[in-house]
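Here's the letter readout for the chains.
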Amino acid sequence: MASANNSNDDPIANGTLDFQLAYGDCDTVGIAYFGIYYRWMERCYSTWLAAHGLRSGDLLGQVGVLTVGLSSSAQYKQTAKVLDKLRCQAVADKIGNSSYAVGFEFTRDGELLTKGQMVFAVRDADFAKAPIPQRMRDLLQTLPAPSFDV
């Protein structure tokens, strides 16, 4: 199990996911389909959690709470095309008392293409509002601040 300490040797532990667009990610003219960013945001988030020993579906047993998606969004700044190599970087957009927002900066060669966000609410076993557990708060605080002002 990985610790909450980030390691430059493990990009996903730092919230970084590199991938290459395939034809299935794009529309008929070879431009990235807008909905694919949500799949990559979820993959980046869930593998980042897993790299630190947490699984979204097991949080109640691991840290005593559930997380529920409240909203998600994406702002498209530039076009990505088939076979482009992209980087998705998870960033700490906002950490509140009982909710948090994780941002996702999609870049190609360091240039921002898309900025996404997923907002989560924290709930106890009875689905009542609950504070973010310290273990999760500490982990969320390891994410870098946003690099782009969108």
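Procedures and definitions
Residues numbered from 1 in each chain as written. Predicted model: local features only at pLDDT ≥ 70, side-chain atom pairs only at ≥ 80, totals over all residues. Heavy atoms only, no water. Helix = DSSP H or I, 4+ residues; strand = E, 2+ residues; numbered from the N terminus. Rg over C-alpha atoms; globule rule 2.2 N^0.38 Å. Buried < 20%, exposed > 50% of the residue type's maximum accessible area, 1.4 Å probe, protein only. Contact = heavy atoms within 4.5 Å. Areas by Shrake-Rupley, 256 points an atom, 1.4 Å probe, with all protein chains shown as cover. Lys, Arg positive; Asp, Glu negative; His and termini not counted. Charge placed at Lys NZ, Arg CZ, Asp CG, Glu CD. Core = buried A, V, L, I, M, F, W, Y, C linked by side-chain atoms within 4.5 Å. Pairing = 2+ DSSP bridges. Axes fitted to C-alpha atoms, helices over the stretch in contact; angles between N-to-C directions. Salt bridge = Lys/Arg side-chain N within 4 Å of Asp/Glu carboxyl O. Phe/Tyr/Trp six-rings, centres within 6.5 Å; stacked < 30°, edge-to-face > 60°. Expected span 1.5 Å × (residues − 1).

Draft legend 1. The arrangement of the overall build of the protein chain in detail. Per the secondary structure count, the protein chain includes 3 helices and 5 strands. Reading the protein chain from its N end, one meets helices and strands in the order β-α-α-β-β-β-β-α. Since a compact globule built from 150 residues should have a radius of gyration of about 15 Å, the 16 Å found for the protein chain is in line with a globular shape. Overall size of the protein chain, expressed as C-alpha extent along the three principal axes, is 50 × 30 × 30 Å. Expressed as a percentage of its 150 residues, the buried residues of the protein chain come to 43%. Put simply, of all contacts in the protein chain between residues at least 6 apart along the chain, 69% involve residues at least 24 apart. Accessible area for the protein chain stands at about 7900 Å²; split by element, carbon and sulfur atoms hold 49% of it. Each charge sign in the protein chain was given a centre, from 14 positive and 16 negative side chains, and these centres are 3 Å apart.

Draft legend 2. Highlighting the nonpolar core. Counting 37 residues, the largest nonpolar core has Tyr45, Tyr100, Val102, Phe104, Phe106 and Met136 as the members making the most contacts within it. Among the secondary structure elements, those contributing two or more residues to this core are strand E1 (16-20), helix H1 (36-51), helix H2 (59-63), strand E3 (85-95), strand E4 (99-108), strand E5 (111-123) and helix H3 (134-140). At 9 residues, H1 tops the list of elements feeding residues into this core. Ignoring anything within four residues of it in the chain, the contact list for phenylalanine 104 reads Met41, Cys44, Tyr45, Cys88, Gln89, Ala90, Val91, Thr114, Lys115, Gly116, Gln117 and Met118.

Draft legend 3. Representation of the sheet that holds E4. An order of E1-E3-E4-E5-E2 is seen for the 5 strands of this open sheet, with the pairing classed as antiparallel. Sheet topology places E1 and strand E2 (66-76) at the edges, where each strand pairs with a single neighbour. Averaged over neighbouring strand pairs, the angle between their axes works out to 25° when direction is ignored.

Draft legend 4. Representation of the pattern of salt bridges. Under the criterion given, the structure shown has 6 salt bridges. The salt bridge involving arginine 108 is made with aspartate 84; its shortest N-O contact spans 2.7 Å. Of the two residues, arginine 108 is situated in strand E4 and aspartate 84 in the loop between E2 and E3; the sequence distance between them amounts to 24 residues. Judged by its relative accessible area of 17%, aspartate 84 falls in the buried class. Here the salt bridges do not stand alone but share partners, grouping Asp93, Glu105 and Lys115 into one network.

Draft legend 5. Main features of the packing of aromatic side chains. For the structure shown, the criterion picks out 8 aromatic pairs. Residues phenylalanine 19 and tryptophan 40 carry aromatic rings whose centres are separated by 3.8 Å and whose planes lie at 10° to one another, so their mutual orientation is stacked. Of this pair, phenylalanine 19 sits in strand E1 while tryptophan 40 sits in helix H1, placing them 21 residues apart in sequence. Taking the centre distance of 4.9 Å and the plane angle of 80° together, the rings of tyrosine 37 and phenylalanine 106 count as edge-to-face.

Draft legend 6. Representation of H1. Between its terminal C-alpha atoms H1 stretches 22 Å, which fits the 22 Å expected from 16 residues at 1.5 Å a residue. Residues of H1 that are buried: Ile36, Tyr37, Trp40, Met41, Cys44, Tyr45, Trp48, Leu49 and Ala51. Contacts made by the buried residues of H1 are with E1, E2, E3, E4, E5 and H3. One or two steps after H1, the chain reaches glycine 53, where phi turns positive at roughly 80°.

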